[in-house]
Amino acid sequence: MKILVASTLPDWALDELRGLGAELVDVVAMPPEKLARHIKGVAILIVDRRRVAPEAIAAGDALQLIVRAGAYCSNIAVDDASMQGIFVANCPHRDAAAVAEFVIGLAIALDRRITENAAAVRSGQPWRPDQSDARGLAERTLGILGFGPAGREIVALAQAFHMRVIAWTPALDAQSAPGVELCTFPRELARRSDIVCVHGFQEAYDQPLIDAEFVQNMKPASLVVHVGAPSVLDESAVVAAVRDGRIRVASDVHLAAGETARVKSRLVDVADAIVTQRLAGATEQARSAVAREVVRIVRHFLISGEVLNVVNLLERSPATWQLVLRLRDTVGVMAAIMDAIRTDGVNAEEITSRVFSGARAAWCSIALDERPGNDTLEAIRRLPGVLHLDLRAVV
């Protein structure tokens, strides 16, 4: 089996992939537009942020699995992969600890005015009193917009700094965020927070979370730490608030997949703002965690045929009826059943089968897109090797 590695993986991860009996083709330095030329005969593609276009997927005559060595799959033509029956998997949340460290680090840098002071020293400017007006983190309230594994890591670090933590996200319950007080609306979080961190929205969000209304509800001298897509911020409102001295902002911008141009953020031109590009998850620990997950996904697929972290399977099949059968575990029984279903013009959406101890009988479930005719059901019951048949409506 051939694996095309279009992502930078450590040597130990490449060795483990080879140890699975795979032939590795390393094309890390290859531009994305040439991917289609190298994908013929490849069974598994491991890819970073580079674009996997429909043309590349169409050229993958043996392609079975695409593994994104990272959290998001917007750089992959997932719909095209689904049309070709190709699994797409990712490695979510492996950078959670790195993101949490970076968020707290940016909060400290903003509060202590570290970058401003360092720049002043480097340029020979005299010390200014406003460069040491830090409030400190202890006993302050941290508000988290967007809550997932990185959010839980942020909570642990914030509590170590003796901070209070509140949170809001579109779907969150108290049980999944112990020790965190949940807010009903973003503006409630804005009113109560001394420091607001927004993350977990690396993909483009449908509307800004931190907009003019949000900023107006914030306390004077509040801090905003943003990690993710620029669309989460209403930059006009944020820039105006920063220039008025009402808030201070640090932003780690994640550009759209495949975009390599310089960051086009108005915050870049604001003297007191901190703007970085894709640094939040960029640690050796995070890269190693992603590599371990890539190897785990590939190994599991080769051993069991199942895909971990798959992103393009329906949570529920479109089946409306289900055949449940007990069968003899003999040659030709399943083929005869499927032939009867096909003759009736009914499509099998999913098939599940398990063999009992002794390998003499099996249990089988066949999900169908419509109800088979009574004649078809009777024909299946009469087949040699069919012990029992039930037809159930899917609810």
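This text follows the structure it describes.
Residues numbered from 1 in each chain as written. Predicted model: local features only at pLDDT ≥ 70, side-chain atom pairs only at ≥ 80, totals over all residues. Heavy atoms only, no water.

Caption draft 1: Expanded view of the nonpolar core. Leu-142, Ile-144 and Ile-154 are the most contacted members of the largest nonpolar core, which totals 31 residues. No other element matches helix 5 (residues 96–112), which puts 10 residues into this core. Among residues more than four places away in sequence, those in contact with Leu-142 are Ile-154, Ala-158, Met-163, Arg-164, Val-165, Ile-166, Ser-193, Ile-195 and Cys-197. (Core = buried A, V, L, I, M, F, W, Y, C linked by side-chain atoms within 4.5 Å. Buried < 20%, exposed > 50% of the residue type's maximum accessible area, 1.4 Å probe, protein only. Helix = DSSP H or I, 4+ residues; strand = E, 2+ residues; numbered from the N terminus. Contact = heavy atoms within 4.5 Å.)

Caption draft 2: The arrangement of the side chain of Ser-193 in detail. Residue position: Ser-193 is located in the loop between helix 8 (186–192) and strand 9 (195–201). Reaching out from Ser-193, the side chain makes a polar contact with the backbone oxygen of Leu-189 at a distance of 2.7 Å. The contact partners of Ser-193, leaving out residues within four places of it in the chain, are Thr-141, Leu-142, Gly-143, Ile-166, Lys-219 and Ser-222. (Polar contact = N/O pair within 3.5 Å; in protein donor to acceptor, adjacent residues only side chain to side chain.)

Caption draft 3: The arrangement of the packing of helix 5 against helix 7 (residues 149–160) in detail. As a packed pair, helix 5 and helix 7 sit with axes 8 Å apart at the nearest point and diverge in direction by 50 degrees. By the criterion of interaxial angle, the relationship of helix 5 to helix 7 is oblique. For the pair helix 5 and helix 7, the sense of crossing is right-handed. Residues Ala-96, Ala-97, Val-99, Ala-100, Glu-101, Val-103 and Ile-104 of helix 5 touch helix 7, and the partners they reach there are Pro-149, Ala-150, Glu-153, Ile-154, Leu-157 and Ala-158. (Axes fitted to C-alpha atoms, helices over the stretch in contact; angles between N-to-C directions. Parallel < 35°, antiparallel > 145°, perpendicular 65-115°, else oblique. Left-handed = near helix turned anticlockwise from the far one by under 90°.)

Caption draft 4: Molecular detail of unusual backbone geometry. Of note, His-93 is a non-glycine position whose phi angle comes to about 65 degrees, a positive value. If you trace the backbone, His-93 turns up in the loop between strand 5 (87–89) and helix 5. When its relative accessible area of 48% is taken as the criterion, His-93 is described as partly exposed.

Caption draft 5: Molecular detail of the environment of Ser-317. The topology assignment puts Ser-317 in the loop between helix 11 (284–304) and strand 13 (321–328). For the pair Ser-317 and Gly-358, spaced 41 residues apart in the sequence, the C-alpha separation amounts to 31 Å. Excluding anything up to four places from it in sequence, Ser-317 contacts Glu-349, Glu-350 and Ala-367.

Caption draft 6: Region of interest: the sheet that holds strand 13. With antiparallel pairing, four strands are arranged side by side in an open sheet as 14-15-13-16. Of all the strands in the sheet, the pair left with one neighbour each is strand 14 (348–355) and strand 16 (386–393). Taken over all neighbouring pairs, the strand axes of this sheet differ in orientation by 15 degrees on average, direction set aside. In the sheet, strand 13 pairs with strand 15 (residues 361–368) via eight bridges, with the strands oriented antiparallel. Pairing of Gln-322 across the sheet is with Ala-367, part of strand 15. Sheet contacts for helix 13 (residues 374–381): strand 13 and strand 16; angle to strand 16, the most-contacted strand, approximately 150 degrees. (Pairing = 2+ DSSP bridges.)

Caption draft 7: Representation of the packing of aromatic side chains in the model. This model, assessed by the stated rule, comprises one aromatic pair. The side chain of Arg-187 reaches across the aromatic face of Phe-185, ending 4.8 Å from its centre. The ring of Trp-321 has Arg-371 sitting right over it, with the charged end atom 5.6 Å from the ring centre. (Phe/Tyr/Trp six-rings, centres within 6.5 Å; stacked < 30°, edge-to-face > 60°. Lys NZ or Arg CZ within 6 Å of the ring centre and 35° of its normal.)

Caption draft 8: Structural detail: the pattern of salt bridges. Under the defined criterion, the tally for this structure stands at 17 salt bridges. Put simply, Glu-16 and Arg-299 hold a salt bridge, and the shortest N to O gap is 3.1 Å. Pair noted here: Glu-16 is in helix 1 (residues 11–19) and Arg-299 is in helix 11, with a separation of 283 residues, a long-range link. A residue is classified by how much of its surface remains accessible, and Arg-299, at 31% relative accessible area, is partly exposed. Note that Glu-139 is salt-bridged to Arg-164, the shortest N-O span being 3.8 Å. (Salt bridge = Lys/Arg side-chain N within 4 Å of Asp/Glu carboxyl O.)

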